[in-house]
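Structure at a glance
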Amino acid sequence: MRTREPKGDRSIRYRSDRNVALVHDWLNQMGGAEDVLETMVGMFPGSPIYTSMYWREGMPSAYRAWPVQTTWMDRLPGIYRHHQPYLPLYPLAFSGLDLSDYDLILSNKSGFCHGVRTGAASHVCYCLAPTRYVWDFESYAAREALPAALKTALRPVIASLRRWDYQAAQRVDRFVAISREIQSRIRRHYGREAAVIHPPVDTERFRPSSEREDYYLIVSRLIPYKRIDLAVRAFNQLGRPLVIAGGGRDREALEALAGPTVTFLGYVPDEELPGLYARCRAYVLPGVEDFCIAPVEAQAAGRPVIAYGAGGALDTVIEGETGVFFRRQTPEALAEAVRAFDPDAIDPDACSANADRFDVAVFRDKLSRFIQEEMRGGKRAPGSEEDVTWS
């Protein structure tokens, strides 16, 4: 878990006399969703943040200055460290939040927080993903190795949650997706259109460097869907150095799988990441991601990306200009892509210029303009969104 403090405010705040509420699924761990939330808090200073629960001691100390409002779930035993077992209760908690007194509700959703009651308020949902374990339960259960009896018992619960999730999505006024991949899932699962505004990346922290070392890099949580195992197997075949930064429950198994050229660094402090990116030969992305900030950070540091050609990588990597895709998700296909790819043929300035498209200031500007358009237009009928990528 990252414990770094929120980034400083580098751009003009969204100014409005509107009464704004921010909604977030849970505040008990740091990740990309919290990066987005920090930026939204900077855009709407002083606006309340409604969330299911908030672990004050486990989150950055700066969050304690925020006006965080929690639901009754905050008092449930053990929820801060183990929030997944309470999955069926989140819809009930968010359905009980009546935010109809606000002019604008901005939800930052990967779970169930889009289900708050809004009344006549305009509700813009920034959708990190339709709830994964609801809409892709079988894959989720396989990755988590759930026992067969538990899967059987959970299926009726999941079916009920899916119905609730769909109905809640119909009450949202405008959807914004973090990538074309998520835009497609919103359309498939909710029958709704969405604009695309990519998440904020603090690209100013990263700069190209003339210093280079002989290693490929992964910065990631070590959990099943990231497919770090695929990269480990590929680099075992290649006999080339792969450095993996990050921790997670798969680390022990991955270390047992790894050959002598694969190194695990564990947690790397934020201040050391820019140099780690800038010195690598190339960044490796073996899994299907909704968006994924790390490849953008690598490009901001002037380094190309070797990515599986699916998901968010299709938005963030320009094939032939800032990296290359492999098309089959196998160790052999990744190994072949590494052999065929010459990182030195990629212009570091092209990589950093591409990364600038995802900077925090760009996100603020696009989201501010989108919200201003929504507030001018007022509440819309579901399904009336335009299918656009904001630029």
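Summarised in this report is the structure supplied together with it.

Cut-offs used in this document
Residues numbered from 1 in each chain as written. Predicted model: local features only at pLDDT ≥ 70, side-chain atom pairs only at ≥ 80, totals over all residues. Heavy atoms only, no water. Helix = DSSP H or I, 4+ residues; strand = E, 2+ residues; numbered from the N terminus. Rg over C-alpha atoms; globule rule 2.2 N^0.38 Å. Contact = heavy atoms within 4.5 Å. Areas by Shrake-Rupley, 256 points an atom, 1.4 Å probe, with all protein chains shown as cover. Pairing = 2+ DSSP bridges. Axes fitted to C-alpha atoms, helices over the stretch in contact; angles between N-to-C directions. Buried < 20%, exposed > 50% of the residue type's maximum accessible area, 1.4 Å probe, protein only. Core = buried A, V, L, I, M, F, W, Y, C linked by side-chain atoms within 4.5 Å. Salt bridge = Lys/Arg side-chain N within 4 Å of Asp/Glu carboxyl O. Phe/Tyr/Trp six-rings, centres within 6.5 Å; stacked < 30°, edge-to-face > 60°. Parallel < 35°, antiparallel > 145°, perpendicular 65-115°, else oblique. Left-handed = near helix turned anticlockwise from the far one by under 90°. Nonpolar A, V, L, I, M, F, W, Y, C, P; charged D, E, K, R; others polar. Polar contact = N/O pair within 3.5 Å; in protein donor to acceptor, adjacent residues only side chain to side chain.

Right, let's get into the overall build of the protein. What the protein contains, in helices and strands, is 14 helices and 13 strands. Against the globule reference of 21 Å for 391 residues, the protein gives a C-alpha radius of gyration of 21 Å, in line with a compact fold. Here the C-alpha coordinates of the protein stretch approximately 60 × 50 × 40 Å along the principal axes. Across the protein, every contact between residues at least 6 apart in sequence was considered, and the portion connecting residues at least 24 apart equals 65%. Working note: accessible area of the protein is about 16400 Å², and carbon and sulfur atoms make up 49% of it.

Another point: the sheet that holds strand β12 (residues 305-308). If you trace the 6 strands from one edge of the open sheet to the other, you get β10-β9-β8-β11-β12-β13, paired in parallel fashion. Every interior strand has two partners, whereas the edge strands, β10 (262-266) and β13 (323-326), have only one. The average undirected angle you get between the axes of adjacent strands in this sheet is 25°. Its contacts with the sheet place helix α7 (residues 228-238) against β8 (216-219), β9 (242-245), β10, β11 (282-285) and β13, and it is angled at close to 160° to β9.

Take helix α12 (residues 331-340) next. If you check which residues of α12 are buried, you get Pro331, Ala333, Leu334, Ala335, Ala337 and Val338. Tucked into the core, α12 has its buried residues touching β8, α7, β11, β12 and β13.

Attention shifts here to the side chain of threonine 316. Within the secondary structure, threonine 316 is located in helix α11 (residues 313-316). In this structure threonine 316 comes out as buried when scored by relative accessible area, which is 0%. Filtering out sequence-adjacent residues up to four positions away, threonine 316 remains in contact with Phe291, Val296, Gln299, Asn354, Arg357 and Phe358.

Turning to the nonpolar core, a few remarks are in order. In this structure, Tyr277, Tyr283 and Ile306 are the most contacted members of the largest nonpolar core, which totals 131 residues. Broken down by element, this core gets its largest block of residues, 7 residues, from α7. With near-sequence residues (within four places) excluded, tyrosine 283 lies in contact with Leu217, Ile218, Val219, Tyr277, Ala294, Pro295, Ala298, Pro304, Val305 and Ile306.

Quick look at the pattern of salt bridges now. Applying the stated criterion to the full structure yields 16 salt bridges. A salt bridge links aspartate 290 to arginine 132, with the shortest nitrogen-to-oxygen separation between them at 2.0 Å. Within this pair, whereas aspartate 290 is found in the loop between β11 and α10 (294-300), its partner arginine 132 is found in helix α3 (residues 132-135), the two being separated by 158 residues in sequence. For arginine 185, the salt bridge goes to aspartate 290, with nearest N and O atoms at 2.6 Å. One end of the pair, arginine 185, is in helix α6 (residues 180-190); the other, aspartate 290, is in the loop between β11 and α10, and 105 residues separate them in sequence. A relative accessible area of 13% means that arginine 185 is categorised as buried. Among the ionic contacts, a cluster of salt bridges with common partners joins Arg132, Glu181, Arg185 and Asp290.

Below, the discussion takes up the sheet that holds strand β7 (residues 194-196). Hydrogen bonds between backbone groups are what pair the strands of a sheet, and the pairing can be parallel or antiparallel. Read from one edge to the other, the open sheet built from 7 strands follows the order β3-β2-β1-β4-β5-β6-β7, with strand pairing classed as parallel. The open sheet terminates on both sides in strands that have one partner only, identified here as β3 (68-70) and β7. Looking at each pair of strands side by side, their axes are set apart by 25° on average, direction ignored. Inspection of the sheet shows strand β6 (residues 174-177) paired to β7 by 3 bridges, in the parallel sense.

Below, the discussion takes up the packing of aromatic side chains. What the rule picks out here adds up to 14 aromatic pairs. When the centroid spacing of 6.1 Å and the interplanar angle of 75° are considered together, the rings of tyrosine 50 and tyrosine 102 count as edge-to-face. A residue pair is termed long-range when its members are at least 10 positions apart, and tyrosine 50 in strand β2 (residues 49-51) and tyrosine 102 in the loop between α2 (90-95) and β4 (104-109) qualify at 52 residues. An identical accessibility class is assigned to tyrosine 50 and tyrosine 102; each is buried. One aromatic cluster is present, built from ring pairs that chain together Trp26, Tyr90, Phe112 and Trp164.

Turning next to the packing of α7 against α12. Their axes nearest at 8 Å, the elements α7 and α12 cross at an angle of 55°. On the basis of their axis angle, the class for α7 and α12 is oblique. The handedness of the crossing between α7 and α12 comes out as right-handed. Between α7 and α12, the contacting residues are Leu230, Ala231, Arg233, Ala234, Phe235, Gln237 and Leu238 on the first element and Pro331, Glu332, Leu334, Ala335, Val338 and Arg339 on the second. When grouped by side-chain class, the residues that make up the contact of α7 with α12 number 9 nonpolar, 1 polar and 3 charged.

Another point: the side chain of glutamate 374. Here glutamate 374 is to be found in helix α14 (residues 360-377). A distance of 3.4 Å separates the side chain of glutamate 374 from the side chain of serine 122, its partner in a polar contact.

A few words now on unusual backbone geometry. The phi torsion at arginine 227 lies on the positive side, around 60°, for a residue other than glycine. Residue position: arginine 227 is located in the loop between β8 and α7. Residue arginine 227 is classed as partly exposed on the basis of its relative accessible area, which comes to 26%. Positive phi is not limited to glycine here, since cysteine 292 has a value of about 85°.

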